[in-house]
Amino acid sequence: MTGLHWLTAVEAAEAIRGRKLSPVELTQALLDRIERLDPRLHVFIRLDRDAALEAAKAAEAEITAGRPRGRLHGVPVGIKDIIDVAGLPTTCHSKILIDNIAAADAVCVSRLRAAGAIVLGKLSTHEFAIGGPSFDLPWPPARNPWNTAHHPGGSSSGSGSGVAAGLFPVALGSDTGGSVRNPASACGIVGLKPTYGLVSRRGVFPLSFTLDHVGPLTRTVSDNALMLDAIAGHDPLDPGSAAVPPGHYAAGLERGVRGLRIGFIRHFHETDLPADPEVAAGLENVAATLHKLGADIRDVRLPTLGEFGAVNRVILQSEAWAIHAPWLRERPGDYGQLARRRLLGGAFISAGDYVQASRRRLEMIAVVENALREVDVLLCASAMDPPSRIEDAAETERTYPRQARTPFNVTGHPALAMMAGLSSAGLPLSVQFVARYFGEGMLFQVARAWEHAAGTDEKHPRID
Amino acid sequence: MDKAIIELLARRAGLERALKEFPDDVTSAAEQASSWVANMQAPREPHAEPWPPMKPGTGL
């Protein structure tokens, strides 16, 4: 088989199940590609080559013996380095945790392994999922495979860059203020922040307890549904885990959008944070395409991005301060500058401010819930700009907060970001869809309709 | 935010070392936090509850 690196997880798993593809051959092909491209992309903090090949051989033996393990059997995955993989360091891309070896797999990793996935290694992140892109850390920041002079988004930077570059078909990331959807947007792939509580956070280094989500990054919508099928489910030992039955997220993928009501939140990108003209045109094109496919597009208004952002940051900084205060007091010099600046903020927010933000949060949830009673899905911007040049710190500082992802960390609704097209400079443009709580199936249905109409799953960077 | 207040709050939070080694970072963080708080609209309705809601779990 040729071009193994562009196989989707669904295609690879099917070929492996049908004994048309060896998981060893697939894993070796990806390891070779990683060896060739990673010196330019800096996706990996720790590549676990030997363990991956051993797992691939074991998968091959199980399949040959007629003992298929699950729907990801033999499929390689990458894991963001804030998520525990037993026996490997969880560094959070930081000097602070450089020697921190995980004793056990995070629940999401153990669920991937139970489905048969092969862990390739640990991936670059912004430091502690908040400080990046940074050049003053023990490892360099990941770069965008569409143009390595550009930022791949973050904080799940390695996850986004590696999936887009064909180093692995699927990866795990985390999302507290948009950190799955940002790299998905910047790298032209599919990134899902599931409903709060749908995927266990146990074994994932926390940034902000009530805003943290774990989610998959993939090149296709169907791969994203496949990943969610594997990792979703109640975990009684995660206090934030929702006791809901797992869904079958790929079941309605091809249902289309005819008759669906889609609420377009135009004010996010028109007046709250006026978007780059190519981003705005891309969003209008998505809405027009879905309308042509039979959806009813109507305008929806929510609180402004400024308000959502303020509530997100007050909560995030307060909760992150509770986690990082001891290190910030004793080892401030062991953080990179960006993480240090962003994490110190919590020292200056009062308990009263935190409670007020949490009260305002409940009001905002009610507004979004009301909007989702009138429509099936919301459509809005993800990033307001194409990805910045990674070494242009001022441009990155300017564009990084210009996004519409934080609202759905505040409210906990499921949100998916994906490619809306390419800019004139050949960089990905993005769109975001949002659904009701536990409505990931509907989210995938709409995202798949757009993907199919636009062919976004067939667009790959020319990194070779 | 006034510089003296920033220093006072930083010392109260145990950040003497950060104040000494990274004073600009401390100031920047304080100003950013102050800006986030100022941009937030606190509820005026006294009965507005926070999220997550207070509810008994298995620990009670």
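Structure's up top.
**Student:** Where do I start with the overall build of chain A in this structure?
**Tutor:** Per the secondary structure count, chain A includes 15 helices and eleven strands. In terms of C-alpha radius of gyration, chain A reaches 20 Å, essentially the compact-globule figure of 23 Å for 464 residues. Considering chain A as a whole, with its 464 residues, one finds that 61% of them fall into the buried category. Once local pairs closer than 6 in sequence are excluded, the contacts in chain A between residues at least 24 apart make up 77%.

**Student:** How should the pairing of strand β9 (residues 377-380) of chain A be read in this particular structure?
**Tutor:** Note on strand geometry: in a regular strand, side chains alternate between the two faces of the sheet. Residue and element names in this part refer to chain A. Of the two faces of β9, both are covered, the one formed by Val377 and Leu379 as well as the one formed by Leu378 and Cys380. The sheet contact formed by strand β7 (residues 261-264) and β9 spans three bridges and is parallel. For Ile262, the partnering residue across the bridge sits in β9 and is Val377. Here β9 pairs with strand β11 (residues 428-434) via three bridges, running antiparallel. Each bridged residue has a counterpart across the sheet, and for Leu379 the counterpart in β11 is Phe433.

**Student:** Honestly, the interface of chain B and chain A in this entry has me stumped. Any pointers?
**Tutor:** By a widely used convention, the size of an interface equals the accessible area lost when the partners come together. With 29 residues of chain B in contact, the opposing surface of chain A contributes 31 residues. Counting only elements with at least two residues in the side of chain B that touches chain A, the list comes to α1 (3-12), α2 (16-21) and α3 (23-38) of chain B. Considering every element that reaches the side of chain B that touches chain A, the biggest residue donor is α3(B), with ten residues. When the residues that make up the side of chain B that touches chain A are grouped by side-chain class, the tally is 19 nonpolar, six polar and four charged.

**Student:** Explanation requested: unusual backbone geometry in the structure shown.
**Tutor:** Keep in mind that most residues, glycine aside, have a negative phi and that most peptide bonds are trans. Residues and elements named next belong to chain A. Following Gly132, the chain continues to Pro133 via a peptide bond in cis, the omega torsion being 0°. Notably, His42 is not glycine yet its phi reads approximately 55°, a positive angle. With respect to the secondary-structure elements, His42 resides in the loop between α2 (23-41) and β1 (44-47). Residue His42 is classed as buried on the basis of its 20 C-beta neighbours within 10 Å. The phi dihedral of His93 is positive, around 60°, even though this residue is not glycine. Within the secondary structure, His93 is located in the loop between β2 (76-80) and α4 (107-114). The class of His93 is buried, set by 34 C-beta atoms lying within 10 Å.

**Student:** How do you make sense of helix α1 (residues 9-17) of chain A when you look at a structure like this?
**Tutor:** Each full turn of the α-helix corresponds to 3.6 residues, which orients residues three or four apart in the same direction. All names here are of chain A. Every buried residue of α1 is accounted for by Ala9, Val10, Ala12, Ala13 and Ile16. Buried residues of α1, seen end-on, are gathered within an arc of 165° and therefore sit on one face of the element. For α1, the secondary structure elements touched by its buried residues are α2, α3 (49-64), β4 (170-175), β6 (213-218) and α7 (221-231). Where α1 ends, the next residue or the one after it, Arg19, has phi of about 55°, a positive value.

**Student:** Please explain the sheet that holds β9(A) as it appears in this structure.
**Tutor:** Backbone hydrogen bonds are what pair the strands of a sheet, in a parallel or an antiparallel way. Residue and element names in this part refer to chain A. Across the sheet, eleven strands lie side by side as β1-β3-β2-β4-β6-β5-β10-β11-β9-β7-β8; this open sheet has mixed pairing. The open sheet has two edge strands with one neighbour each: β1 and β8 (296-299). Each neighbouring strand pair of the sheet contributes to a mean axis angle of 30°, computed without reference to strand direction. Note that strand β5 (residues 190-193) and β6 share two bridges and pair antiparallel. Counted as the bridge partner of Gly191 is Leu217 from β6. Contacting β4, β5 and β6, α7 runs over the sheet at an angle of about 145° to β6. Across the sheet, helix α9 (residues 277-292) touches β7, β8, β9, β10 (415-422) and β11, and the angle it forms with β11 is around 50°.

Rules of the game
Residues numbered from 1 in each chain as written. Chains lettered and ligands numbered in written order. Predicted model: local features only at pLDDT ≥ 70, side-chain atom pairs only at ≥ 80, totals over all residues. Helix = DSSP H or I, 4+ residues; strand = E, 2+ residues; numbered from the N terminus. Rg over C-alpha atoms; globule rule 2.2 N^0.38 Å. Buried ≥ 20, exposed ≤ 12 C-beta atoms within 10 Å, placed from the backbone. Contact = placed C-beta atoms within 7 Å. Pairing = 2+ DSSP bridges. Nonpolar A, V, L, I, M, F, W, Y, C, P; charged D, E, K, R; others polar. Arc of directions from axis to C-beta. Axes fitted to C-alpha atoms, helices over the stretch in contact; angles between N-to-C directions.

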